Amino acid sequence: MNNRLSGKVAVVTGGNRGIGRAIAERLADEEAMVVVGCLFDEPCPPVSSVERLSFLYLDVTNEASVRAFVDEVLERFGRIDVLVNNAGVIVNKSIDEQTVDDWDRLMAVNLRGPFLMAKYVAPEMRRIGLGTIVNIGSVEGFMVNPWHTAYAATKAGVHGLTLGLAVDLGPEGIRCNTVCPGWIETDLNRTYVELHPDRNLVERELAQMHPVGRIGSPKEVANTVLWLASDESSFVSGEMITVDGARTRKISLPSILDEAYRAKLTKP
Ligand code: NDP
């Protein structure tokens, strides 16, 4: 099926690269008109669905920019059916190194951004009597990697925002859910990987932490967003849906036991 979003207008924040780009293309492949909100005036050329993807300037931290973006989308396309709050940033620092500016920037992009977008898009969804909001949270809203205090706080906040929006906007036909990706290959976590000089070793060990034996791709997150954006999930609202290859379902073992277990598995 390639027309699950036919006639719908979708907005994706931070869709110039990474997970956001994969989401924008996936929704456009299903016949949505997709407007990508991004910081660049000259975005990378789309890979597919060219005629259904357009790009407008958006800084999700700035209320005036959010208002102008929403107004422009409505002027050009007449409605907004789907909002995907994807834009996000990360800081890898200990609590001692972290500055108040770091904290405020993460809060502004990762948490105030989705709030502002929902605030200005909801009236339009209310006007047409339906809509779905999909936030990109993280497994780090439930568990946390070292040096991610601020990031984890923003993502836990996004999960809370999801609950609030689902409850408040549900009576008006608007659903809100969050996709919580695990380790997905994008620029966002590259600095973490590059902490160790042997990239192959890091990738091998990362893969081993996942019961499915590998990390995830942006397209796999996009497929879940598509489901939540479409009518196929019509009775699903207020949910945090984890997409992490079961990594956070596995109880960690001491590494020597984990290695012994894997060695046993690979024996003929
Ligand atoms: P990337 O760093 O590849 O992309 C982030 C995007 O957000 C970029 O396009 C960036 O714009 C945009 N952005 C940043 N600040 C703003 C802003 N103020 N206004 C508008 N857009 C902005 O990251 P990912 O694709 O990996 O991450 C996407 C989402 O997924 C984030 O919310 C992230 O927290 C979440 N996530 C990612 C995981 C992963 O493993 N990759 C795991 C769990 C969650 P620009 O291109 O101009 O810099």
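Residues numbered from 1 in each chain as written. Predicted model: local features only at pLDDT ≥ 70, side-chain atom pairs only at ≥ 80, totals over all residues. Heavy atoms only, no water.

**Notes on the packing of helix H3 (residues 100-128) against helix H4 (residues 149-169)**
Stated formally: The axes are straight lines fitted to the C-alpha atoms, using for helices just the contacting stretch, and the angles between their N-to-C directions are given from 0 to 180°. The secondary structure listing takes helices from DSSP runs of H or I that are at least 4 residues long and strands from runs of E that are at least 2 residues long, numbered from the N terminus. Our angle categories are set so that under 35 degrees counts as roughly parallel, over 145 as roughly antiparallel, 65 to 115 as roughly perpendicular, and the remainder as oblique. Less than a right angle of anticlockwise turn of the near helix away from the far helix marks a crossing as left-handed, whereas a clockwise turn marks it as right-handed. Contact between two residues is taken to exist if any of their heavy atoms lie within 4.5 Å; hydrogens are not considered. Three residue categories are used. Nonpolar comprises Ala, Val, Leu, Ile, Met, Phe, Trp, Tyr, Cys and Pro, charged comprises Asp, Glu, Lys and Arg, and polar comprises the others, including Gly.
At a minimum axis distance of 8 Å, the contact between H3 and H4 shows a crossing angle of 15°. It follows from the interaxial angle that H3 and H4 lie roughly parallel. Handedness of the H3/H4 crossing: right-handed. Every residue of H4 that contacts H3 at Trp-103, Leu-106, Met-107, Asn-110, Leu-111, Pro-114, Phe-115, Ala-118, Ala-122 and Arg-126 is listed here: Thr-149, Ala-150, Tyr-151, Ala-153, Thr-154, Lys-155, Gly-157, Val-158, Leu-161, Leu-165 and Leu-169. For the contact of H3 with H4, a count of residues per class yields 15 nonpolar, four polar and two charged.

**What about the sheet that holds strand S6 (residues 174-181)?**
Definition in use: Each pair of strands is called paired provided DSSP finds at least two bridges between the two strands.
Spatially, seven strands are ordered S3-S2-S1-S4-S5-S6-S7 in an open sheet, and the strand pairing comes out parallel. In the strand order of this sheet, the two ends are held by strand S3 (53-57) and strand S7 (240-243), each with one partner. Across the sheet, the mean angle separating the axes of adjacent strands is 20° when strand polarity is ignored. Relative to S3, strand S2 (residues 33-38) runs parallel, the two sharing five bridges. Bridged to Cys-38 within S3 is Tyr-57. Running over the sheet, helix H2 (residues 63-77) touches strand S1 (9-13), S2 and S3 and is turned about 145° from S3. Each of S1, strand S4 (82-85), strand S5 (131-136) and S6 touches H3; the most contacted strand, S4, lies at about 180° to it.

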